[in-house]
Every structure is written in C-alpha cells, then in structure tokens.
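Analysis of the macromolecular model
Each chain, letter by letter, is given below.
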Amino acid sequence: MRTILAALALSFLIPAGAMAHNLREETRVPAVGVNDKGELILQQEKFSYKNWNSAQLGGKVRVIQHIAGRSSAKQMNAALIEAIKAAKLPHDRYQTTTIINTDDAIPGTGMFVRSSIETNKQQYPWSQFIVDSKGEVQRAWHLQPGSSAIVVLDKLGKVRFVKDGPLTQDEVTRVIALVNSLLKA
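First things first, this report covers the structure right here in the doc. Everything quoted here is computed from the prediction, not taken from an experiment. (Residues numbered from 1 in each chain as written. Predicted model: local features only at pLDDT ≥ 70, side-chain atom pairs only at ≥ 80, totals over all residues. Heavy atoms only, no water.)

**Quick notes on the environment of Pro90**
With respect to the helices, strands and loops of the structure, Pro90 is situated in the loop between helix H3 (78-87) and strand S4 (94-101). On the basis of relative accessibility, which here comes to 25%, the residue Pro90 falls in the partly exposed class. Linking Pro90 and Leu183, residues 93 residues apart in sequence, is a C-alpha distance of 8.8 Å. (Helix = DSSP H or I, 4+ residues; strand = E, 2+ residues; numbered from the N terminus. Buried < 20%, exposed > 50% of the residue type's maximum accessible area, 1.4 Å probe, protein only.)

**A few points about H3**
Regarding H3, the residues found buried are Leu80, Ile81 and Ile84. For H3, the angular spread of the buried residues around the axis is 100°, confining them to a single face. Tucked into the core, H3 has its buried residues touching strand S3 (61-68), S4, strand S6 (148-153) and helix H6 (169-184). Directly after H3, the chain includes Lys88, whose backbone phi takes a positive value near 50°. (Arc of directions from axis to C-beta. Contact = heavy atoms within 4.5 Å.)

**Overview of the pattern of salt bridges**
Under the criterion given, the structure shown has six salt bridges. Here Arg160 makes a salt bridge to Glu26, at a shortest N to O gap of 3.3 Å. Here Arg160, found in strand S7 (residues 159-164), pairs with Glu26, found in the loop between helix H1 (2-13) and strand S1 (33-43); they are 134 residues apart in sequence, far enough to count as distant. Judged by its relative accessible area of 29%, Arg160 is partly exposed. Since its relative accessible area comes to 47%, Glu26 is described here as partly exposed. The residue Arg139 makes a salt bridge to Glu136 at a minimum N-O spacing of 3.6 Å. Taken together, the positions of Arg139 and Glu136, both in helix H5 (residues 136-141) and three residues apart, correspond to about one turn of that helix. Salt bridges sharing common partners tie together Glu26, Asp154 and Arg160. (Salt bridge = Lys/Arg side-chain N within 4 Å of Asp/Glu carboxyl O.)

Following this line, the structure appears as structure tokens:
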C-alpha cells in the first residue's frame, strides 16, 4: 500500500510535459480522426473543412508539424519550416502537414489563429492544414500541451523521425537530410 501511495504522490510531482509521446519509428502514427473542423480546403477562393484522419498520411514523404494554437508554439520549430521552404521540395512527392490544436489556444484568440491558418493556406496551397478544435491528435499521440512536435513520415506512412518540442539546429539539418534521402528512395 505504501508503494502505491508513494507512486501516486510522485506522479503528481512529475510535470505533464515529462510524459512521453507514443510515436515510434518504423511504425505508423496511432490512428486518430478530426471531425470538428478538420482539413482546411481552399477552392475558388472559398474556405471549407472536411473530416480528416491519420490513415490519409501515406503516399508522400511528409513532415507533420503538430502545434498548439499559440504563436509561441509556432515559433518553436520555425527554423525547420524555413528550411523546408528553402529546400523547394517536389510537391508531387512531398507534403507538409500542419495540425493546429486550436483547443490549446489562448482564450479569445481562435479567430486570429484561424485567420493565420487561412493566410498560410493561400500562400502554400500544396500544404495540408488540419484544424483540430478538440485536441484529438494531441490526446491520441500523447503530445505536450502548448508545444510543437515534428514527425517525418516516409511514403508508406511510417515514422522515420519524431521530436516533441523545439528542434536544435543540428536536428533541423538532420530532418532536411532525411527528407531528401526519403525522396530519393
């Protein structure tokens, strides 16, 4: 009984951020669907949403960026996004998928977050933007709240790199090299 109580007491002392994600290399991401909002679609200058699920992630090499709907989370891995833009990757074989957890936004900023997402979709129509208004992906993948996670998938949809939190400059370089090697495979 003491052991159980000690373990329970200790669990309250461990910060929530210390809990690990459940994304594993050489496997597919855990299945998850987003039905409240979902994938942002731009057709004839009009925006709409369609249901999205992780089973749709195969077919292309991709970098998934899961971010909280906060500017601080967006900035965490901005260096990687800039490196991806500079790499001019082929749209027919590569796609960036950005999943924005608007459930993890500062109260009252949702309208601004969605406006920013729409602007990005107009600038990068070949990129995929998923608006997760209930935090389904964060919960399914056990990601840190208020953070930014990066996941690289091969064209079969298997995880080849994952990090929950900001990447170092060495990790940015490693991710770009990995994406380029996966595109050649």
